[in-house]
Amino acid sequence: MKGIQDYYPDHFAHCYGCGRLNEHGHQIKTFWEGEGTLTRFVPKEYHTAIPGFVYGGLLASLIDCHGTGSAALALAKAQGIELSETNAPRCVTASLQVKYLKPTPIGGEIVIKGKIKEVGARKVIVEAELFANGVLCVVGEVVSVLVPDNFGL
Ligand SMILES: CCCCCCCC(=O)SCCNC(=O)CCNC(=O)[C@H](O)C(C)(C)COP(=O)(O)OP(=O)(O)OC[C@H]1O[C@@H](n2cnc3c(N)ncnc32)[C@H](O)[C@@H]1OP(=O)(O)O
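Residues numbered from 1 in each chain as written. Predicted model: local features only at pLDDT ≥ 70, side-chain atom pairs only at ≥ 80, totals over all residues. Heavy atoms only, no water.

- Where an unreviewed UniProt entry is consulted, the protein chain appears under the name Acyl-coenzyme A thioesterase THEM4, with the organism given as Labilibaculum euxinus.
- The Sequence similarities (unreviewed entry) field of the UniProt record for the protein chain holds the comment "Belongs to the THEM4/THEM5 thioesterase family." (UniProt positions renumbered as here; feature names shortened; annotations may be inferred.)

**A word on the site of the ligand**
Then step 1. For the ligand, the set of nearby residues contains 18 residues, the closest of which are T93, A94, R122, K123 and F151.
Then step 2. A distance of 3.0 Å is found between a nitrogen atom of the ligand and a backbone nitrogen or oxygen belonging to T93.
Then step 3. Here an oxygen atom of the ligand and a side-chain polar atom of R122 are 2.6 Å apart.
Then step 4. When the ligand is considered free in solution it has 1,100 Å² of accessible area, and contact with the protein chains removes 52% of it.
Then step 5. Where the shell around the ligand is concerned, the elements lending two or more residues are α1 (56-78), β3 (91-100) and β6 (135-146).
Then step 6. Ranked by the residues each element gives to the shell around the ligand, the list is headed by β3, at 5 residues.
Then step 7. Class assignment for the residues of the shell around the ligand results in 11 nonpolar, 3 polar and 4 charged. (Near = heavy atom within 4 Å. Polar contact = N/O pair within 3.5 Å; in protein donor to acceptor, adjacent residues only side chain to side chain. Areas by Shrake-Rupley, 256 points an atom, 1.4 Å probe, with all protein chains shown as cover. Helix = DSSP H or I, 4+ residues; strand = E, 2+ residues; numbered from the N terminus. Nonpolar A, V, L, I, M, F, W, Y, C, P; charged D, E, K, R; others polar.)

**A short note on unusual backbone geometry**
Then step 1. Located in the positive-phi region is Q27, a residue other than glycine, with phi close to 50°.
Then step 2. Relative to the helices and strands, Q27 is located in the segment before β1 (30-33).
Then step 3. In this structure, N133 takes a positive phi of about 50° despite not being glycine.
Then step 4. Following the sequence through the fold, N133 ends up in the loop between β5 (123-132) and β6.

**Let's talk about the packing of aromatic side chains**
Then step 1. In this structure the tally under the stated criterion is 0 aromatic pairs.
Then step 2. When the ring centre of W32 is taken as reference, the NZ or CZ atom of K77 above it lies at 4.5 Å.
Then step 3. The ring of F131 carries K113 above its face, with NZ or CZ at 5.3 Å from the centroid. (Phe/Tyr/Trp six-rings, centres within 6.5 Å; stacked < 30°, edge-to-face > 60°. Lys NZ or Arg CZ within 6 Å of the ring centre and 35° of its normal.)

**Here we look at the side chain of D64**
Then step 1. Locating D64 in the fold gives a position in helix α1.
Then step 2. Buried and unpaired, D64 has no salt bridge, with R122 as the nearest side chain of opposite charge at 15 Å. (Buried < 20%, exposed > 50% of the residue type's maximum accessible area, 1.4 Å probe, protein only. Lys, Arg positive; Asp, Glu negative; His and termini not counted. Salt bridge = Lys/Arg side-chain N within 4 Å of Asp/Glu carboxyl O.)

**Quick word on α1**
Since the α-helix turns once every 3.6 residues, residues separated by three or four places project in the same direction.
Then step 1. With 23 residues, α1 should cover 33 Å at 1.5 Å per step; its first-to-last C-alpha distance of 32 Å lies within 8% of that length.
Then step 2. For α1, a buried count of 20 out of 23 residues is recorded, marking the element as mostly surrounded by other parts of the structure.
Then step 3. Phi turns positive, to about 65°, at G80, one or two residues after α1. (Expected span 1.5 Å × (residues − 1).)

**Things to note about the environment of A128**
Then step 1. Mapped onto the fold, A128 is located in strand β5.
Then step 2. For A128 and T30, which are 98 residues apart along the polypeptide, the C-alpha to C-alpha distance reads 12 Å.

**Here we look at the confidence of the model for the protein chain**
Then step 1. Across the protein chain, the average pLDDT comes to 97, with 100% of residues at 70 or higher.
Then step 2. Across the whole predicted complex the pTM is 0.97, and at the interface the ipTM reaches 0.97. (pLDDT = per-residue confidence, 0-100.)

**Details of the sheet that holds strand β4 (residues 110-119)**
Then step 1. Spatial strand order, β1-β2-β4-β5-β6-β3: 6 strands in an open sheet with antiparallel pairing. Where the open sheet ends on each side, the last strands, each with one partner, are β1 and β3. For this sheet the average axis-to-axis angle between neighbouring strands, irrespective of direction, equals 30°.
Then step 2. In terms of strand pairing, strand β2 (residues 36-41) meets β4 through 5 bridges, oriented antiparallel. Note that in β4 the partner of F41 across the bridge is I110.
Then step 3. Packed onto the sheet, α1 meets β1, β2, β3, β4, β5 and β6 and runs at close to 135° relative to β3. (Pairing = 2+ DSSP bridges. Axes fitted to C-alpha atoms, helices over the stretch in contact; angles between N-to-C directions. Contact = heavy atoms within 4.5 Å.)

Rendered as C-alpha cells:
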C-alpha cells in the first residue's frame, strides 16, 4: 500500500526516516486507518539499546516521521488535495516530544498510531502511540509545519 511519503516530490524523498529514495534510511510509510494514521516498522537486531530492547533514538525518529507524514495527510484532507503523482503537502518537524513508558522489545513489528489533534493552515499537531506486540511502549507529540519556500535560508 502507498504511504503519503510516496507522493512527495523526489527532492523531499531523501529523509533518513521516511524518504523512499534514501537507501540507508527507514523508508517508513504512513497512511490513514479510519480517523487516525498508521505506520509499521520492524526494528533490526542492531537497533539495540540494551540487548533485546530497541534504541530510544530510533523510536523517536519513527514517531518524528510518522508525525510529519500524518500532518501531510491531514493537510491534504483539510485542503481537499487529491493525492496523485507528487502533490502531497510537505511538512517538517517544529517540535518533537517523546515519553518512554515501557522498554520496547526487539523481535516483532512496531505499530505507530496517530491522532490528529489540531490542523491549521500550515501547522498540524499529531499525538502518537507506539505499540510493540500490542503493548503501548512510547507516546509522543509532533508539531509539524508546512515547509516554507525559504526553508534553510
Ligand atoms: C517532506 C519530507 C521531509 C520529512 C521531514 C521529516 C522530519 C524531519 O526530520 S524535519 C527536520 C527537522 N526540522 C527542521 O529542520 C525544522 C527547522 N525549523 C524551521 O525550518 C522553522 O522553524 C519552521 C519551518 C519549523 C517554522 O518556521 P516558519 O515557517 O517561519 O513558522 P511560523 O510561520 O513562525 O509558524 C507557523 C506556526 O508554527 C508554530 N511553530 C513554529 N515553530 C515552532 C516550534 N519550534 N514549536 C512549536 N510550534 C512552532 C508557530 O507558533 C505557528 O503556529 P500558529 O500557526 O498556530 O500561529
